[in-house]
Amino acid sequence: MRIVSEAGRWSLILLFALAPVTLAISHPLVSFVFVPLALLGTAGSGCARASAAALLAPVPIAAGLIGLLGLISAVWAPDGALATSKSAVFLLVVFAGAWLAPALARLDTGAVERLAVVLQWASLAAVVLVGIQIFGRFLLADIVTGNPNDARIAAIKLNVSSAGMAIVIWAALGIPLRRFSNTRVRVVVTGIVLAAVAVIVLGGNGLAPKVALLLGALAWGAARFWPKATAAALGLGIVALSLALLVVPSRFYQSEGFHDFRGLDSSAKYRVDIWDNAAQWIRQKPVTGYGAGASQFMPPRQELSKITGKPRSIPLYPHNVLVQTMLELGIVGLLCFWAFFAAVLRAASRLSALTRPYAFAALTSATSIWMIGYPLWRSAWLAWLGFCLLAFVVSERASAARAGAPG
């Protein structure tokens, strides 16, 4: 497929060049890069109508159902306007990414190769930028704004960028490795790159990027040898984890040994406190939940927290996407989330043998971050996840192009 306008061509190039760098420098701006460039890229691709028809694919439908349920929940949410705005932005991000994906799938060989190279170098540049900031204990964005944050605040803000790199590196890593026909060479190069990324991630203070990179590497290794078993483990794992979150944190928190347990730091214990608190609310309204954005409006309990010593409350969101989904959208929302995860897992399973392990690794990394960190509705994080999905469309197309090349 030929990009029929210069605007469309440059929109795609800028999207894959700027999104990783934007995340590395100022992650809240990712959605402002992703949404307009994705829409412009599709509009200028010459297949906007075909892309619109492809919106009926399982992944966008399942994701759209979550956003639609969020819109409906504005009727009973504590803040209807907030629920509407969060859900509308969610749907906009889903639409932008889902509309662009089929257009990318129809790119000609030259165009997809150019985008793959841009994605590869932009991602590596972003990793370097994140590393400079982590070890320099400063934010590049502060240089522009002229309002520097202290090292502690900088470290907290860089957790998001570091977590994002732990996802997209898998898409970027798979692109150049296809040039090596020897499997052993690919494994060695993968190990070297991951070791370099691990040094950067371990240099930060955040738990989520470290967990994401470790679990992603394990999923990559497993998927190379047992792709079907890995897919089944991920799918069943999400279902089992959803059910366990309603019971296990509560029993652990209420146990006599919770306070003296040394296997978790105070941050992890505070998450257990939040999940137990949320689980109690979920059991009171399990079917439809309390509405999109309701987490931050749940009233404090009279009981004092074992961690903070203050009345137990939920700080903006429960720091677990499954818990937040059940709390705000109920069992109905959880089923939609399961459908979305299953659709993405199905799509990853259908990729080529070269791309599939990297896709499973990225999916595992993203899911693990969502389980201990970021909220359901944050537009910048949603846009980044959408970008990573598109990165694998480009990676897979580049793989197919090289596989079909003579010699």
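None of the values given here were measured: they were computed from a predicted structure.

Cut-off values and rules
Residues numbered from 1 in each chain as written. Predicted model: local features only at pLDDT ≥ 70, side-chain atom pairs only at ≥ 80, totals over all residues. Heavy atoms only, no water. Core = buried A, V, L, I, M, F, W, Y, C linked by side-chain atoms within 4.5 Å. Buried < 20%, exposed > 50% of the residue type's maximum accessible area, 1.4 Å probe, protein only. Helix = DSSP H or I, 4+ residues; strand = E, 2+ residues; numbered from the N terminus. Contact = heavy atoms within 4.5 Å. 1 Å grid on protein atoms, 1.4 Å probe; cavity = no way out; pocket = protein on both sides within 12 Å on 5 of 7 lines; lining within 4 Å. Points joined across faces, edges and corners; volume = space filled by probe spheres on them. Nonpolar A, V, L, I, M, F, W, Y, C, P; charged D, E, K, R; others polar. Patch = residues over 30% accessible without salt bridge, like charges linked within 9 Å, V, L, I, M, F, W, Y side chains within 5 Å. Areas by Shrake-Rupley, 256 points an atom, 1.4 Å probe, with all protein chains shown as cover. Salt bridge = Lys/Arg side-chain N within 4 Å of Asp/Glu carboxyl O.

Undergrad: I'd like a description of the nonpolar core, backed by residues and values.
TA: Of all hydrophobic cores here, the largest spans 116 residues; its most connected members are Trp170, Trp381 and Trp384. When residues in this core are grouped by element, the largest group, 14 residues, is from helix H14 (residues 321-349). The residues contacting Trp170, other than those within four sequence positions of it, are Leu194, Leu213, Gly216, Ala217, Trp220, Tyr358, Ala361, Ala362, Ser365 and Phe392.

Undergrad: Describe the layout of surface pockets, and please don't skip the residues or the numbers.
TA: A volume near 1,200 Å³ is recorded for the largest pocket. Only helix H4 (58-72), helix H5 (80-105), H14, helix H15 (356-372) and helix H16 (379-404) provide two or more residues apiece to the lining of the largest pocket. Counting residues per element, the lining of the largest pocket draws most heavily on H16, which supplies 10 residues. Class assignment for the residues of the lining of the largest pocket results in 36 nonpolar, three polar and four charged.

Undergrad: So what about a nonpolar patch on the surface? Which residues, and what values?
TA: A contiguous nonpolar patch, built from Leu56, Ile61, Leu65, Leu68 and Ile72 and spanning about 460 Å² of accessible area, is present on the exposed surface. Its place among the elements puts Leu56 in the loop between helix H3 (48-53) and H4.

Undergrad: Can you break down empty space enclosed by the protein residue by residue, with the values?
TA: Here the structure, examined in full by the defined rule, presents two cavities of 30 Å³ or more. Each pocket or cavity is described by its volume, and for the second largest cavity that value is around 30 Å³. Lining the second largest cavity we find Val127, Val130, Met165, Val197, Ile200 and Val201. Here the element with the most residues in the lining of the second largest cavity is helix H9 (residues 183-203); it accounts for three residues. A per-class count over the lining of the second largest cavity returns six nonpolar, no polar and no charged.

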